[in-house]
Amino acid sequence: MDVSNQTAVTEFIFLGFPGSSSLQLALFVMFLIVYLLSLMGNTLIIFLILVDSTLQTPMYIFLGNLSFLEIWYTTATVPKLLATCVTKFVTIPVAGCIAQYYFFFSLGATECILLAVMAYDRHVAVCRPLHYSLLMSVQICLRFSAGSWIGGFIAPLLPTILISQLNFCGPQKINHFFCDSDPIFKLSCSDTFLVEALGYTCSSVVILSSFLLTMSSYGNIVVTIIKLSSREARKKTFSTCASHLTVVTIYYGTIIFAYVRPPAKYNFTIGKVVSVFYCVITPLVNPLIYTLRNKDVMKAFQKFLAQKRFLLNRNIHEF
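Residues numbered from 1 in each chain as written. Predicted model: local features only at pLDDT ≥ 70, side-chain atom pairs only at ≥ 80, totals over all residues. Heavy atoms only, no water.

Under an unreviewed UniProt entry, the chain has the name Olfactory receptor and belongs to Cricetulus griseus. The Subcellular location (unreviewed entry) comment attached to the chain in UniProt states, word for word, "Cell membrane". Per UniProt, the chain carries the Function (unreviewed entry) text "Possible taste receptor." (UniProt positions renumbered as here; feature names shortened; annotations may be inferred.)

Enquirer: Please provide a residue-by-residue account of the pairing of strand β2 (residues 90-93), values included.
Expert: Every second residue of β2 is oriented toward a common face, the buried set being Val90 and Ile92 and the non-buried set Thr91 and Pro93. Where strand β1 (residues 11-14) meets β2, 4 bridges bridge the pair, whose relative direction is antiparallel. When the bridges of β2 are listed, Phe12 appears paired with Ile92. (Buried < 20%, exposed > 50% of the residue type's maximum accessible area, 1.4 Å probe, protein only. Helix = DSSP H or I, 4+ residues; strand = E, 2+ residues; numbered from the N terminus. Pairing = 2+ DSSP bridges.)

Enquirer: How would you sum up a positive patch on the surface? Please name residues and give values.
Expert: Among the surface-exposed residues, Arg231, Lys235, Lys295 and Lys299 lie close enough to one another that they form a single positively charged patch. For the positive patch, the secondary-structure elements that each account for two or more residues are α10 (231-259) and α12 (295-318). Mapped onto the secondary structure, Arg231 falls in helix α10. On the basis of relative accessible area, Arg231 is assigned to the exposed category, the value being 69%. (Patch = residues over 30% accessible without salt bridge, like charges linked within 9 Å, V, L, I, M, F, W, Y side chains within 5 Å. Areas by Shrake-Rupley, 256 points an atom, 1.4 Å probe, with all protein chains shown as cover. Salt bridge = Lys/Arg side-chain N within 4 Å of Asp/Glu carboxyl O. Lys, Arg positive; Asp, Glu negative; His and termini not counted. Charge placed at Lys NZ, Arg CZ, Asp CG, Glu CD.)

Enquirer: For the sheet that holds β2, give the residues involved together with the corresponding values.
Expert: In spatial order, the strands read β2-β1-β3; together these 3 strands make up an open sheet with mixed pairing. One side of each edge strand has no neighbouring strand; the edge strands of this open sheet are β2 and β3 (173-174). Set on the sheet, helix α4 (residues 94-127) makes contact with β1, β2 and β3; between it and β2 the angle comes to about 85 degrees. (Contact = heavy atoms within 4.5 Å. Axes fitted to C-alpha atoms, helices over the stretch in contact; angles between N-to-C directions.)

Enquirer: An account of the environment of Leu114 is needed here, citing residue identities and associated values.
Expert: Checked against the element boundaries, Leu114 lands in helix α4. Taking the relative accessible area as the measure of exposure, Leu114 reaches 0% and is therefore buried. C-alpha of Leu114 to C-alpha of Ala146: the two residues are 32 residues apart in sequence and 9.7 Å apart in space. With sequence-adjacent residues up to four places away left out, Leu114 is seen in contact with Phe62, Asn65, Leu66 and Ser148.

Enquirer: Can you break down the packing of helix α7 (residues 157-164) against helix α9 (residues 193-227) residue by residue, with the values?
Expert: Closest axis-to-axis distance for the α7/α9 pair is 9 Å, and the angle between their directions is 160 degrees. For the element pair α7 / α9, the angle class is roughly antiparallel. The handedness of the crossing between α7 and α9 is left-handed. For the pair α7 and α9, contact is made by Leu158, Pro159, Leu162 and Ile163 and by Leu194, Val195, Leu198, Gly199 and Cys202, respectively. Per-class residue counts for the contact of α7 with α9 are 8 nonpolar, 1 polar and no charged. (Parallel < 35°, antiparallel > 145°, perpendicular 65-115°, else oblique. Left-handed = near helix turned anticlockwise from the far one by under 90°. Nonpolar A, V, L, I, M, F, W, Y, C, P; charged D, E, K, R; others polar.)

Enquirer: Residues and numbers for the pattern of salt bridges, please.
Expert: One pass over the full model with this rule turns up 1 salt bridge. Among the ionic pairs, Asp121 bridges to Arg122, the shortest N-O distance being 3.0 Å. Just as Asp121 is buried, Arg122 falls in that class too.

Enquirer: Any details on the UniProt feature "transmembrane region" (unreviewed entry) in the chain? Residues and values, ideally.
Expert: Mapped onto this numbering, the UniProt entry annotates "transmembrane region" (unreviewed entry) at residues 101-120, 132-158, 197-226, 238-260 and 266-289. In this annotation, residues 132-158 is assigned 85% helix and 0% strand; the end-to-end C-alpha distance for the span is 37 Å. In residues 197-226, the share of helix is 100% and the share of strand is 0%. The end C-alpha atoms are 42 Å apart.

Enquirer: Kindly report on the pairing of β1, identifying the contributing residues and their values.
Expert: Judged from the 2 bridges that link them, β1 and β3 form a sheet pairing that is parallel. Residue pairing for β3: Ile13 is matched across the bridge by Lys173.

Below, the structure written as structure tokens:
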């Protein structure tokens, strides 16, 4: 397409979810509550891991990384989603849109890698318990964590650079609540074949490879659990890994549906609904599952509350 005589677009307009004002208000309240609960839940997990020495082990260091990631992952998209529910025109500069794309997919790739690492941690703990302290020391754990972040932020770098070279000459309305890949490509008046193919390949490689590694670890865990002679040992071991597997199922199920498919098959309405699950719901589900199903975290939380009550009562008596 000849773009030499066309006016370049400087900003995009998010369309969000269409509907009546009452529906928009209901969505705003719902998304806001979920967002705030997600921030509080993940912040609480990080806080408990930092203040309770019993939680400063590899498994909980990974969990702290995941909670920190979830705070930024949901913050990258939800504020604009909330704005589309209460404001008619929500805009974002083209450069800001590309930055949002990069950080969203970087954090998403980091989560994929981190979930695979967490699965490996559980695999070593269950299948090779005698070698756990050697294979998963705190130093190795920190290296795995750093590698997850570095790998995640490298993965979408090239597609982002190619997107920044695209021309946008109108229309400027993004049929979404954040700068997802397919809506951006639809607005470009440049040839997007290369960047679409590269983006699809990168997302498929990151998602499927981490998913297969994760499932492989849990497959070995299941085999090991079945071989355990004690029923109580099987129950305890499975309970430890069940929360991880729940998070993995929810997260990978939605992102595989959203991104591991040919670009031509993209449906904007379905895409927005599915995006709500991994942008809004999953960051809340993680702290709920890891606190309600995890005895160590619950014990640390109860210990913290007991300490606060003791200090409060002492201050009252002294006053």
